[in-house]
Amino acid sequence: MSRKKNAKSASRRSTSKPSNNIAAQIEQDYLKLPQQLAGHFNQAASTLKQKAAKTNETLQKAETQVKKLTATIKAAKTKKTATARKQVKAALKAQTLAKKQVSALTKELTALEKSISTLVIKQAKMLALRKHLAKFEKEWTKTAKDLQKKAKKTKAKKPAAVKAKSKTKSKAKVKSGDAFTATDATTNHDHHQTSNNEMHFDSDTAEKNS
């Protein structure tokens, strides 16, 4: 039983702890986030740059192939033999395929370059944000110190204000007590005077009746 009670009390203490540590960790993660994102964008851009380099190399080979086929076709057309006609036909077919490859590779390379440019801009943005956050942290540290000093001054002034309020309340109580006493005295005096008048009236009436 004692172990269960200790376990329950421990769980209560753990759940009752403030979440300041969690908040501080989240803040630290937030401050580190721009640098981490900048590194991620840089790595992604590097990967795309490698792919773009290979694509560009393949494109250069395809363009060179088109040029060679164009020269072959031109040379074969000057000949009027059946073999030359077959060479022209085969070269034209290969040239068409090479041109399609060049077109596809050009589009791919353009898309890669656009993606690389976007990643580079995002990386620059995150690096700039990191610098701004670092500058803000320095400025805020100074501001926080000033706020703490003002808070301490305010706390130091509060007891005097509380004493003044207590004195005012005590004076108000004394005045209200004096007013109450004076009212009671007046009431008692009036009551005594009324009683004397009644007694005097009764004596006069008795004399007249006699």
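Residues numbered from 1 in each chain as written. Predicted model: local features only at pLDDT ≥ 70, side-chain atom pairs only at ≥ 80, totals over all residues. Heavy atoms only, no water.

Novice: Explain the overall build of the protein chain to me, please; I cannot follow it from the model alone.
Specialist: Counting secondary structure elements, the protein chain contains three helices and zero strands. Looking at the protein chain residue by residue over its 210 residues, the buried ones come to 12%. Carbon and sulfur atoms provide 59% of the accessible area of the protein chain, an area that totals close to 17,800 Å². (Helix = DSSP H or I, 4+ residues; strand = E, 2+ residues; numbered from the N terminus. Buried < 20%, exposed > 50% of the residue type's maximum accessible area, 1.4 Å probe, protein only. Areas by Shrake-Rupley, 256 points an atom, 1.4 Å probe, with all protein chains shown as cover.)

Novice: Please clarify how a nonpolar patch on the surface should be interpreted in this entry.
Specialist: Taken together, the side chains of Phe136, Trp140 and Leu147 define a hydrophobic patch exposed on the protein surface, amounting to about 320 Å² of accessible area. You can see Phe136 is positioned in helix α3 (residues 82-209). (Patch = residues over 30% accessible without salt bridge, like charges linked within 9 Å, V, L, I, M, F, W, Y side chains within 5 Å. Salt bridge = Lys/Arg side-chain N within 4 Å of Asp/Glu carboxyl O.)

Novice: For this particular structure, what's the right way to read the environment of Thr64?
Specialist: Here Thr64 shows up in helix α2 (residues 20-77). The exposure class assigned to Thr64 is partly exposed, which follows from its relative accessible area of 39%. Sequence separation between Thr64 and Val102 is 38 residues; the distance between their C-alpha atoms is 9.9 Å. Among the polar contacts made by the side chain of Thr64, one reaches the main-chain carbonyl oxygen of Gln60 at a distance of 2.8 Å. (Polar contact = N/O pair within 3.5 Å; in protein donor to acceptor, adjacent residues only side chain to side chain.)

Novice: Looking at this structure, I do not really get α2. What am I missing?
Specialist: Over its 58 residues, α2 runs 84 Å from end to end, which matches the ideal 86 Å to within 8%, given 1.5 Å per residue. Among the residues making up α2, those that are buried are Pro34, Ala38, Phe41, Ala45, Ala52, Thr55, Leu59, Ala62, Val66, Leu69, Ile73 and Ala76. (Expected span 1.5 Å × (residues − 1).)

Novice: Help me out: how do you make sense of a positive patch on the surface in this one?
Specialist: On the surface, a cluster of positive charge is contributed by Lys145, Lys149, Lys150, Lys152, Lys153 and Lys155. Note that Lys150 resides in helix α3. The exposure class of Lys150 is exposed, given its relative accessible area of 55%. (Lys, Arg positive; Asp, Glu negative; His and termini not counted. Charge placed at Lys NZ, Arg CZ, Asp CG, Glu CD.)

Novice: Would you take a moment to explain the nonpolar core for this structure?
Specialist: Side chains that are nonpolar tend, in soluble globular proteins, to be buried together. Ala52, Leu59 and Val102 are the most contacted members of the largest nonpolar core, which has 15 residues in total. When residues of this core are traced back to their parent elements, those giving at least two are α2 and α3. If one sorts the elements of this core by residue count, α3 sits on top with eight residues. With residues up to four places along the chain from it excluded, the contact list for Val102 reads Leu59, Ala62, Glu63 and Val66. (Core = buried A, V, L, I, M, F, W, Y, C linked by side-chain atoms within 4.5 Å. Contact = heavy atoms within 4.5 Å.)

Novice: Looking at this structure, I do not really get the environment of Gln36. What am I missing?
Specialist: Note that Gln36 resides in helix α2. Expressed as a C-alpha distance, the spacing of Gln36 and Arg130, which sit 94 residues apart in the sequence, is 9.9 Å.

Novice: How should the side chain of Thr55 be read in this particular structure?
Specialist: For Thr55, the position within the fold is in helix α2. By relative accessible area, Thr55 is classed as buried at 6%. Here the side chain of Thr55 touches Lys51 through a polar contact of 2.8 Å, landing on its backbone oxygen. Discounting chain neighbours no more than four positions away, the residues touching Thr55 are Leu105, Glu108, Leu109 and Leu112.

Novice: For this particular structure, what's the right way to read the environment of Ser103?
Specialist: With respect to the element layout, Ser103 can be found in helix α3. Residue classification places Ser103 among the partly exposed positions, given a relative accessible area of 37%. Counting along the chain gives 40 residues from Ser103 to Glu63, while the straight-line C-alpha distance between them is 9.7 Å.

Novice: Teacher, can you tell me more about the confidence of the model for the protein chain here?
Specialist: Keep in mind that low pLDDT regions are not for reading the predicted coordinates in detail. The share of residues in the protein chain with pLDDT of 70 or more is 65%, and the mean pLDDT across the chain is 78. Of all the helices and strands in the protein chain, helix α1 (residues 2-16) carries the lowest mean pLDDT, 56, while α2 carries the highest, 93. Note that residues 179-183 has pLDDT below 50 and, in this model, zero contacts with residues that lie over four places away or in other chains. Across residues 198-210 the pLDDT falls below 50, and counting only partners more than four positions away or on other chains, this stretch makes zero contacts in the model. (pLDDT = per-residue confidence, 0-100.)

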